[in-house]
Amino acid sequence: MGREGKIAQTFVELADTLVADFDVIDFLQQLTVRCRDIFAVTDAAVVLAYPGPQMYSPAPCDPSPALSKVLDLALCEGPALDAYRTAEPVAPGDLSQAPAAWADFTTQARGAGYTYACAVPLRLRRETLGSLLLLRATDSPVPLDDLTMAQAFADAATIGLIHARTLRHTDTGVINEQLHGALHGRILIEQAKGYLAAHREVSLKDAFDLMRDHARRHGLLLSTVAQSAIDAGDLPGPPAGPHHTAEDASAE
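Every chain begins its residue count from 1, and numbering advances along the sequence as written. Local features in a predicted model are, by the rule used here, given only for residues with pLDDT of at least 70; side-chain atom pairs are given and counted only at 80 or more, and totals for whole chains, interfaces and linings are based on all residues. The basis for the side-chain values is all heavy atoms of the structure; hydrogens and waters are excluded.

**Description of the overall build of the protein chain**
Rule in force here: For helices the rule is a DSSP run of H or I covering at least 4 residues; for strands it is a run of E covering at least 2, with both sets numbered from the N terminus onward. Accessibility here uses a 1.4 Å probe with only protein chains present; expressed as a share of the type maximum, an area under 20% marks a residue as buried, one over 50% as exposed, and anything in between as partly exposed. Throughout, a contact is declared for two residues whenever any of their heavy atoms are within 4.5 Å. Each accessible area value is a Shrake-Rupley result obtained with a 1.4 Å probe; residue values ignore everything except the protein chains displayed when judging cover.
Looking only at helices and strands, the protein chain features 11 helices and five strands. Counting the 252 residues in the protein chain, one finds 47% classified as buried. At a minimum sequence separation of 6, the contacts of the protein chain that also span at least 24 residues come to 65%. Per element, the accessible surface of the protein chain, about 11900 Å² overall, is 54% carbon and sulfur.

**Structural notes on the packing of helix α1 (residues 3-15) against helix α2 (residues 24-38)**
Formally: Axis angles are defined between N-to-C directions and span 0 to 180 degrees, where every axis is a line fitted to C-alpha atoms and, for a helix, only to the segment in contact. Angles below 35 degrees are treated as roughly parallel, those above 145 as roughly antiparallel, those between 65 and 115 as roughly perpendicular, and all remaining angles as oblique. A crossing counts as left-handed when the near helix is turned anticlockwise from the far one by less than a right angle, and as right-handed when that turn is clockwise. Side-chain classes follow a simple rule in which Ala, Val, Leu, Ile, Met, Phe, Trp, Tyr, Cys and Pro form the nonpolar group, Asp, Glu, Lys and Arg form the charged group, and the remainder, Gly included, forms the polar group.
Between α1 and α2, whose axes approach to 11 Å, the crossing angle comes to 170°. Considering the angle they form, α1 stands roughly antiparallel to α2. Where α1 crosses over α2, the two elements pack in a sense that is left-handed. Contacts from Arg3, Lys6, Ile7, Gln9, Thr10, Glu13 and Leu14 of α1 reach α2 at Phe27, Gln30, Leu31, Arg34, Asp37 and Ile38. Within the contact of α1 with α2, the residues separate by chemical class into five nonpolar, three polar and five charged.

**Notes on the packing of aromatic side chains**
Rules: Each Phe, Tyr or Trp ring (for Trp, its six-membered ring) is paired with any other whose centre lies within 6.5 Å, and the angle between the two planes then decides the class: stacked below 30 degrees, edge-to-face above 60, tilted in between.
Per the counting criterion, the structure on display carries three aromatic pairs. Between Phe39 and Phe153, the aromatic rings sit 5.5 Å apart at their centres with planes inclined by 35°, giving tilted as the arrangement. Of this pair, Phe39 sits in the loop between α2 and β1 (43-48) while Phe153 sits in helix α6 (residues 144-167), and the two are 114 residues apart along the sequence. Taken as a pair, Phe39 and Phe153 share a single burial class, namely buried. Between Trp102 and Phe105, the ring centres sit 6.4 Å apart and the planes meet at 90°, which makes this aromatic pair edge-to-face. With a relative accessible area of 9%, Trp102 lands in the buried category. The rings of Phe11, Phe39 and Phe153 are connected pair by pair, giving a single aromatic cluster.

**Structural notes on helix α5 (residues 103-111)**
For clarity, the threshold we go by: Relevant arc is that of directions from the helix axis to the C-beta atoms, nothing else.
The set of residues buried in α5 consists of Phe105, Thr106 and Ala109. With its buried residues spanning 95° around the axis, α5 presents them on a single face. Exposed side chains of α5 directed beyond 90 degrees from the buried face belong to Thr107 and Gly111. Buried positions along α5 lie against α3 (65-74), α4 (79-86), β4 (116-124) and β5 (127-136).

**So, the sheet that holds β4**
Threshold: Note on pairing: DSSP must find at least two bridges between two strands before they are called paired.
Strand order across the open sheet formed by five strands is β2-β1-β5-β4-β3, with antiparallel pairing between neighbours. Across the chains shown, the open sheet's two edge strands, defined by having one partner strand only, are β2 (56-59) and β3 (90-94). Pairs of neighbouring strands in the sheet enclose a mean axial angle of 25°, with direction left out of account. For β4 and β5, the ladder comprises nine bridges, and the chain directions are antiparallel. Paired with Leu122 across the bridge in β5 is Gly130. Along the sheet face, α4 touches β1, β3, β4 and β5 and points at about 155° away from the line of β5.

What follows is the structure, encoded as structure tokens:
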């Protein structure tokens, strides 16, 4: 699929929040996957401050150890925090010339091999939920046209989250609870990847892909699949129901 087709598909995915089994963690993870693919960035991550006031990073669910340390500092300083606070994009910047206020973030990011960093806010009118951080380990920054498209993705994601929250506001605040539990969900997923990778003798990335595919195939939350993997050391069995077939079972 060409770049234009991927962009169109991404907007469709970001609009697909009006389903009964909407999984906010999987939704935000898919946003980072698409950004890495379409914009040729080394890494992408979502930083949220909703429900606040504390910042946290629910996606990507599969960060490398080096990226995890960078994200820990991105919650306190740097382009992701600035984009959230100002509700404006933070243009691609060379980390060797980053502002002094980003000192700890810059040191950690450059130590991890990143050379450029930028961010766009997750915003809708006066409401800002967080930001989307883009990192590059190349000799050139993210092109400004790509940053504009990243902002469009972030805007679409914010609209999707707010629509889902609004439609479910009578259901004990389901989306609010999912957003608030996203960080805990990422911790579960990190643990589950290790259990599943050891059991299946696969890489951590492959273990995450197995969990994600299983969750989508059976209409389960990614965090639910992760908890089952921790408890049983493997993927959960298919849910009972008339739609499950022998073909589904053979796919596990």
